[in-house]
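Summary of the model geometry
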Amino acid sequence: MLKEFKEFALRGNVMDLAVGVIIGGAFGTIVNSIVNDLIMPLVGIAFQADFSNLYVPLSSKVASGLPLAEAKKLGPVFAWGNFVTVVLNFVILAFIIFLMVKGMNSLKKKEEKSPTPVEPPADVKLLTEIRDLLKSK
């Protein structure tokens, strides 16, 4: 069983997957920063609201003007602003991954379209020359 696990763990696919997960996690952090630090402040200016603090109070104890963290301490809230931010993160990440896959597919198609010509073996070449000579006589 240990031998099988070693073969599984050292396969190229497992290592590729591990690298992909690590890079994906780092990439997700970058996208979160882009959305939270660059895009959402601009959206907040456009809508004149801080999306991270937009919520609907679900309890009479919660006042609607409080920051979200304080409102959650007082009672349940429907924090739709955070949800919008997370959905925006997902859409941006999905779009970037789509562009990456599309780029890789176009590179793959270019490789398939321009294969290097393969020269026939010497015996086939000789038989072709003999055939051509017989045709010409």
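Residues numbered from 1 in each chain as written. Predicted model: local features only at pLDDT ≥ 70, side-chain atom pairs only at ≥ 80, totals over all residues. Heavy atoms only, no water.

**Quick notes on the pattern of salt bridges**
What counts is decided by this rule: Basic side-chain nitrogens of Lys or Arg form a salt bridge, by our definition, when they fall within 4 Å of a carboxyl oxygen of Asp or Glu. Think of it in three bands: residues with accessible area under 20% of the maximum for their type are buried, residues over 50% are exposed, and the middle band is partly exposed, with areas taken using a 1.4 Å probe on protein chains only.
Tallied over the full model, the rule gives two salt bridges. Here Glu119 makes a salt bridge to Lys125, at a shortest N to O gap of 3.3 Å. Lys125 gets classed as partly exposed once you look at its relative accessible area, which sits at 40%. Arg131 is the salt-bridge partner of Asp132, the closest N and O atoms lying 3.2 Å from each other. Judged by relative accessible area, which is 44%, Arg131 ranks as partly exposed.

**Considering the UniProt feature "transmembrane region" (unreviewed entry) in the chain**
Quick note on the threshold: UniProt positions are given in the numbering used here, feature names are shortened, and annotations may be inferred rather than shown by experiment. The secondary structure listing takes helices from DSSP runs of H or I that are at least 4 residues long and strands from runs of E that are at least 2 residues long, numbered from the N terminus.
Listed under "transmembrane region" (unreviewed entry) in the UniProt record, and renumbered for this structure, are residues 12–35 and 77–101. With 88% helix and 8% strand, residues 77–101 has its two end C-alpha atoms placed 39 Å apart.

**Re helix α5 (residues 122–136)**
Basically, it comes down to this: Multiplying 1.5 Å by the helix residue count minus one yields the expected span of that helix.
A rise of 1.5 Å per residue sets the reference length of α5, with its 15 residues, at 21 Å; its end C-alpha atoms lie 21 Å apart and thus fit the reference within 8%. Across the 15 residues that make up α5, only a small minority, zero, are buried.

**A look at the environment of Val86**
Locating Val86 in the fold gives a position in helix α4 (residues 80–113). Here Val86 falls in the exposed class, since its relative accessible area comes to 52%. Spatially, the C-alpha atoms of Val86 and Met40 are 11 Å apart, while their sequence positions differ by 46 residues.

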